[in-house]
Protein chains: 2
Amino acid sequence: MEKIKIAIAGYGNLGKGVEMAISQNKDMELVALFTRRDPKTVKTATGIPVYHTDDAAAHKDDIDVLILCGGSATDLPKQGPEFAALFNTIDSFDTHAKIPEYYAAVDAAAKAAGHTSIISVGWDPGLFSLSRAYAEAVLPEGETYTFWGKGVSQGHSDAIRRIKGVKNAIQYTVPVESAINEVRSGSNPELSTRDKHLRECYVVAEEGADKAQIENEIKTMPNYFADYNTTVHFITEEEMARDHAAMPHGGFVIRSGKTGFDSQTPQIIEYALKLGSNPQFTSSVLVSYARAAYRLNKSGSIGAKSVLDVPPAMLSPKSGEELRKELL
Amino acid sequence: MEKIKIAIAGYGNLGKGVEMAISQNKDMELVALFTRRDPKTVKTATGIPVYHTDDAAAHKDDIDVLILCGGSATDLPKQGPEFAALFNTIDSFDTHAKIPEYYAAVDAAAKAAGHTSIISVGWDPGLFSLSRAYAEAVLPEGETYTFWGKGVSQGHSDAIRRIKGVKNAIQYTVPVESAINEVRSGSNPELSTRDKHLRECYVVAEEGADKAQIENEIKTMPNYFADYNTTVHFITEEEMARDHAAMPHGGFVIRSGKTGFDSQTPQIIEYALKLGSNPQFTSSVLVSYARAAYRLNKSGSIGAKSVLDVPPAMLSPKSGEELRKELL
């Protein structure tokens, strides 16, 4: 069998996760890593060839799908359209408010070049978006609730690290169990920001720093923490390294709807993730959609797509016959 | 806006549920019911015109999608291909072992007529199939577990009713909570039939019937009960009418996978349904896929499909722009 040739752009947690995920998918092979660093300084876990990002165009005919593993803040807005002109692409663009604009830019580049680009792939946006879309279509009358965690928020962790006297910090977003159970009961509660999530902070303070002052600065920080019940724990560097190196995450999408002429019959759809490693899971989603991008492009379906546009069968290495027999 | 014209074939619980679901979907209208009974004897809740099934062909140009609400045992194997020759169709064919054969028959009829037929729609097969397919594609290494209930099994209820001395009976399939929690822990247990589900039976005995004998016959019935932990409760006709008229159901699909080079990082995907009314929910799924069948046919995609072939966006009344903005 001819394998699907995959390349990675960027070798952070996500790029490394893609390398791992490819090893679990026998119909794919990893043929290149593109980096903005000096390629000679980057050693990959599986020894795949490393090239500089600026040389990507030279490899355009050797790669079926390029998986973009950069960040949404500065990398993807530029790389998304640029690489869509050269390759079929997958990315995990997750700045929700800017998705329409990003979609348009990638769509134009991909269509002009005859490529297929699936944007905003991962779990939110991604699998959670699918879950919301299916549940809302099936139960038009109702409410959808999304809870995140328990898991690390990079943005909130960074915000704490910028406080004077903080040496290192990590922040977990924690869904409020009682709120989830209220939603599961079908009562369709109105939940404020504070009702849905707690914020747990683990902070390594610099020697001699004013801990009370740090705690106060965290808890009163607008947007990030002021609207939440926040707890702050001061720990040592050793504890940080020992207890907080894993990157667990997860969450819940719950649609609480009602059916019947009187819209009185409760119907609950729940989708939940409990992830041992957020980047490894996200990468696994990216890789399954790389298979879909390859197939969509072969079938002549070009331009930008989201997970909402992709038939589920396209993600699977199995044939339509196998899927109908084994999974339907 | 031109509404999508929907018709129903069969006016049992499922057909009535479709009538209710259409009332929640403003882009659709119900234009006909086909029945094998004398149309004059069938009164619909919303007063839609009733025709005899034999006259369906006369209405072929007035209906965008026909939703087949018959049973899988005898109705659909015949009706599926017959109606696919006349209309775009949706059905809930759920005899898992015969799906490949049914698919082929419907596909041939639909393709010859230029129609689109989505088969085996509902929640299992249906939404549970989707959940299994997505989860397996994203986590290729792992195990998928499906639990059903708590809910009524028509087949098991009927089996009890056939026992001598039984006036009425209802059987609930109940998932074993401890087994679900073991799966959620990521331990990938091997679970026997008996480990996963209990069977709870509520029986109205005829006057003077031998209850001990009935209970024994139920508990030792091969295939249906012998392999399960089964409890039997004798109740009165009044209790049956009062406590067992609702048709709740539900279930869980859990994929417990591992990622990483060593396949050691646990990742759990769980999809759960808690349904106040099984037929009303199933009907709601059928109606959302009727929208997709209409659109697929308009776009030239003909033949038999399953839920695995349908892009999720096609189920929603919202445009691609709206979906990307609101749900992605």
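Above this note sits the structure.
Cut-off values and rules
- Sequence order as written defines the numbering, with residues in each chain counted from 1.
- Key to labels: chains lettered from A, ligands numbered from 1, both in the order written.
- Per-residue local features of the predicted model are confined to residues with pLDDT of at least 70, and side-chain atom pairs are confined, for both listing and counting, to 80 or more; whole-chain, interface and lining totals are unaffected and use all residues.
- To obtain the side-chain values, all non-hydrogen atoms of the structure were used and water was disregarded.
- Only protein chains enter the area calculation, which uses a 1.4 Å probe; residues under 20% of their type maximum are buried, those over 50% are exposed, and those in between are partly exposed.
- We count a stretch as a helix when DSSP gives it H or I for four or more residues in a row; a strand needs E for two or more, and each element gets its number in order from the N terminus.
- At least two DSSP bridges between two strands are needed for those strands to be called paired.
- Convention used here: a crossover is right-handed provided that the path from the first strand, over the helix, to the second strand proceeds clockwise when the strands point away from the viewer.
- Least-squares superposition of the copies uses the C-alpha atoms of those residues scoring a pLDDT of at least 70 in each of them.
- Residue contacts are counted whenever heavy atoms from the two residues lie within 4.5 Å of one another.
- A fitted line through C-alpha atoms serves as each axis, taken over the contacting stretch for helices, and the angle formed by two N-to-C directions is quoted from 0 to 180°.
- In this description, buried area is defined as the sum, over both parts, of the accessible area (probe of 1.4 Å) that is lost when the two are combined.
- Put simply, a salt bridge is a Lys or Arg side-chain nitrogen that is within 4 Å of an Asp or Glu carboxyl oxygen.
- Polar contact is defined as a pair of N or O atoms within 3.5 Å, subject to the rule that within protein one atom must be able to donate a hydrogen and the other to accept it, and that residues adjacent in sequence are counted only when both atoms are side-chain atoms.
- Three classes are used: nonpolar for Ala, Val, Leu, Ile, Met, Phe, Trp, Tyr, Cys and Pro, charged for Asp, Glu, Lys and Arg, and polar for all others, with Gly counted as polar.

Further remarks concern the pairing of strand β4 (residues 65–68) of chain A. All names here are of chain A. Residues of β4 alternate between two faces, with Val65 and Ile67 on one and Leu66 and Leu68 on the opposite face, all of them buried. Bridge count between strand β1 (residues 4–9) and β4: four bridges; the pairing is parallel. Within the sheet, the bridge partner assigned to Ile8 lies in β4 and is Ile67. With three bridges connecting them, β4 and strand β5 (residues 88–90) associate as parallel partners. Bridge pairing in β5 links Val65 to Asn88. The parallel pair β4 and β5 is bridged by helix α2 (residues 75–84), and the resulting crossover is right-handed.

Our focus in this paragraph is the relation of the copies chain A and chain B. Here chain A sits on chain B after a turn of 180 degrees about the axis and a move of 0.0 Å along it, with an RMSD of 0.1 Å. Taken together, these values place the two copies in the relation of a two-fold axis. The residues that chain A uses at the interface reappear at the interface of chain B in 100% of cases, marking a shared surface.

All names here are of chain B. Taken in spatial order, the four strands line up as β8-β9-β10-β11 in an open sheet, and their pairing is mixed. Either end of the sheet is taken by a strand with one partner, and the two such strands are β8 (151–152) and β11 (229–234). Relative to β11, strand β10 (residues 197–205) is paired through six bridges, and the arrangement is parallel. When the sheet's bridge partners are listed, Val203 is paired in β11 with Phe234. Along the sheet face, helix α5 (residues 154–161) touches β8, β9 (166–175) and β10 and points at about 145 degrees away from the line of β9. Docked against the sheet, helix α8 (residues 211–219) engages β9, β10 and β11, running at close to 150 degrees with respect to β11.

Listed by partner, the interface residues are 68 residues for chain A and 68 residues for chain B. Taken over both partners, the interface formed by chain A and chain B buries close to 5,800 Å², and the fraction arising from carbon and sulfur atoms is 63%. A per-residue breakdown of the area chain A buries against chain B is headed by Gln24, Phe261 and Leu328 of chain A, which together make up 15% of the total. Remark: the boundary between chain A and chain B carries two salt bridges. The salt bridge partner of Glu136 of chain B is Lys318 of chain A, with a shortest N-O separation of 3.0 Å. The tally of links between chain A and chain B comes to 35 residue pairs in polar contact (both at pLDDT 80 or more). Elements supplying a minimum of two residues to the side of chain A that touches chain B: α1 (13–22), α3 (99–113), α4 (127–138), β12 (249–259), β13 (265–275), α10 (278–298) and α11 (320–326) of chain A. The leading source of residues in the side of chain A that touches chain B is β13 of chain A, at 11 residues. Of the residues belonging to the side of chain A that touches chain B, the class tally is 35 nonpolar, 20 polar and 13 charged. Across nine bridges, the pairing between β13 of chain A and strand β13 (residues 265–275) of chain B is antiparallel. Along β13 of chain B, the bridge assignment pairs Gln267 of chain A with Leu275 of chain B.

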